[in-house]
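The chain contents come next:
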Amino acid sequence: MQKVHSRDGTSIAFDTYGEGPAVVLVDGALCYRDSGPSAPLAKMLAPNFTVYTYDRRGRGDSGDTAPWSTEREVEDLDAIIRAAGGSAYVYGISSGAALALEAANSGLPIKKLVLYEAPFIVDDSRAPIANDFLPRLKQMVADDRRGDAVKAFMKLVGVPSFGIAIMRLLPVWKKLKAVAHTLPYDIGLLAGTQNGKPLSPRRWSAATVPTLVADGGKSPAWIRNGMRALSLVLPNATYHTVEGQTHMLSAKAITPVLEEYFR
């Protein structure tokens with residue numbers, strides 16, 4: 001493990017794998033270096049790239065300086081890119097894709113960008129997120145009801161009740177509760193993109209970096225509609241479907257996509 005400091009002084013922990021051009025992986029909600037898809041993916045990419053995985057603020061071994069904002073998370077990613085030599089390829093998944101997109105729009109030195117299934121709701125194929133969800137989630141965190149916060153988020157993303165009940169009995173539940181306080185950060189990153197309305201063609205107009213917008217062939221219609229819509233509003237984007245995959249994307253399936261695009 002290594003650490004860098006973000007602009008506001010927050011310590012951000014990261015690991016590196018392999019040797020070659022720099023690739024930074026940006027996790028989604030509840031994931032960090034020791035829990036989630038980044039480490040297995042980094043190991044598969046390591047023969048061809050130097051891969052950076054990091055704990056987003058508030059997770060794992062990273063700090064959590066208040067107040068949180070999207071801008072601070074972008075600065076955290078900027079610190080990792082600087083540690084990687086000043087520029088990098090970037091891959092983001094789920095809310096991590098939304099963060100990576102905001103970073104590109106802010107002008108971070110990103111060579112190429114791959115965004116997998118940012119959870120944008122752009123039409124009526126899924127109900128929009130309730131306006132009171134984020135305040136309720138923040139209150140659960142403030143009351144130290146971490147398990148309730150994780151449960152509310154799992155319901156939001158469509159995990160059935162029996163699935164949540166099983167997860168509560170497994171060791172992973174402790175890891176999820178440990179980072180439950182960061183769930184409002186992920187919902188905050190998605191502000192304005194989960195209301196069932198078309199994406200603004202101006203919101204990310206400065207994100208001119210070559211971008212691959214990807215989804216899974218077995219993912220629900222609403223998230224695939226969102227990715228197609230995103231590919232159409234970005235200045236320099238290509239749309240791609242990873243066949244046979246869902247939001248729980250396998251490292252084996254996405255590795256060749258990244259290897260080809262980041263050449």
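Note that this is a predicted model, so its numbers are computed, not measured.

Peer 1: I tried to follow the side chain of Gln245 on my own but got confused; where do I start?
Peer 2: Mapped onto the fold, Gln245 is located in the loop between strand S8 (237-242) and helix H10 (251-261). Apart from the residues lying within four places of it in its own chain, the contact partners of Gln245 are Tyr116, Gly216, Gly217, Lys218, Ser219, Ser250 and Ala253.

Peer 1: Can you walk me through a nonpolar patch on the surface in this structure?
Peer 2: A cluster of nonpolar side chains, namely Phe162, Ile166, Leu170 and Val172, defines an oily patch on the protein surface of about 380 Å² accessible area. Relative to the assigned elements, Ile166 resides in helix H6 (residues 161-167). Assessed through its relative accessible area of 48%, Ile166 is described here as partly exposed.

Peer 1: Help me understand helix H4 (residues 133-142), please; the structure alone is not making it clear to me.
Peer 2: For an α-helix, the turn length of 3.6 residues means that residues three or four places apart are oriented alike. Looking only at H4, the buried set comprises Phe133, Leu137 and Met140. Within H4, the buried residues cover an arc of 60° as seen down the axis, which keeps them to one side. Where H4 is buried, its residues meet helix H5 (146-156) and helix H8 (183-189). Positive backbone phi, approximately 60°, marks Asp144, located one or two places after H4.

Peer 1: I would appreciate a short explanation of helix H9 (residues 221-233) in the present structure.
Peer 2: Between the first and last C-alpha of H9 there are 19 Å, a value that for 13 residues agrees with the 18 Å anticipated at 1.5 Å per step. Burial in H9 covers these residues: Trp222, Ile223, Arg224, Asn225, Gly226, Met227, Leu230, Ser231 and Val233. Buried-residue contacts for H9 involve helix H3 (95-105), strand S6 (110-116), strand S7 (211-216) and S8.

Peer 1: Explanation requested: the packing of aromatic side chains in the structure shown.
Peer 2: The relative placement of two aromatic rings is captured by the distance of their centres and the angle of their planes. Using the criterion set out here, one finds 6 aromatic pairs in the structure. Ring centres of Trp68 and Tyr185 lie 5.3 Å apart, and the angle between their planes is 5°; this geometry places the pair in the stacked category. With Trp68 in the loop between strand S4 (50-54) and helix H2 (70-83) and Tyr185 in helix H8, this pair connects stretches of sequence that are 117 residues apart. Plain terms: the ring middles of Phe120 and Trp204 are 5.7 Å apart, the flat faces sit at 5° to each other, and that makes the pair stacked. A residue pair is termed long-range when its members are at least 10 positions apart, and Phe120 in the loop between S6 and H4 and Trp204 in the loop between H8 and S7 qualify at 84 residues. A single burial state applies to Phe120 and to Trp204, both of which are buried. Counting every residue linked through ring pairs, the aromatic cluster contains Phe49, Tyr89, Tyr261 and Phe262. One Lys or Arg, Lys111, reaches over the ring of Tyr89 and ends 5.3 Å from the middle of that ring. The residue whose ring lies beneath Lys112 is Tyr261, and the NZ or CZ to ring-centre distance is 4.9 Å.

Peer 1: Explain the nonpolar core to me, please; I cannot follow it from the model alone.
Peer 2: Nonpolar side chains tend toward joint burial in soluble globular proteins. In this structure, Val24, Tyr54, Ile110, Phe120, Trp204 and Leu230 are the most contacted members of the largest nonpolar core, which totals 41 residues. Per-element tally for this core: the top contributor is H3, with 7 residues. Leaving out residues up to four positions away in the same chain, Leu230 has contacts with Leu101, Leu115, Phe120, Leu199, Trp204 and Val213. Residues Ala42, Ala214, Leu249 and Ala253 belong to the second largest nonpolar core, which totals 26 residues.

About the criteria used
- Residues numbered from 1 in each chain as written.
- Predicted model: local features only at pLDDT ≥ 70, side-chain atom pairs only at ≥ 80, totals over all residues.
- Heavy atoms only, no water.
- Helix = DSSP H or I, 4+ residues; strand = E, 2+ residues; numbered from the N terminus.
- Contact = heavy atoms within 4.5 Å.
- Patch = residues over 30% accessible without salt bridge, like charges linked within 9 Å, V, L, I, M, F, W, Y side chains within 5 Å.
- Areas by Shrake-Rupley, 256 points an atom, 1.4 Å probe, with all protein chains shown as cover.
- Salt bridge = Lys/Arg side-chain N within 4 Å of Asp/Glu carboxyl O.
- Buried < 20%, exposed > 50% of the residue type's maximum accessible area, 1.4 Å probe, protein only.
- Arc of directions from axis to C-beta.
- Expected span 1.5 Å × (residues − 1).
- Phe/Tyr/Trp six-rings, centres within 6.5 Å; stacked < 30°, edge-to-face > 60°.
- Lys NZ or Arg CZ within 6 Å of the ring centre and 35° of its normal.
- Core = buried A, V, L, I, M, F, W, Y, C linked by side-chain atoms within 4.5 Å.

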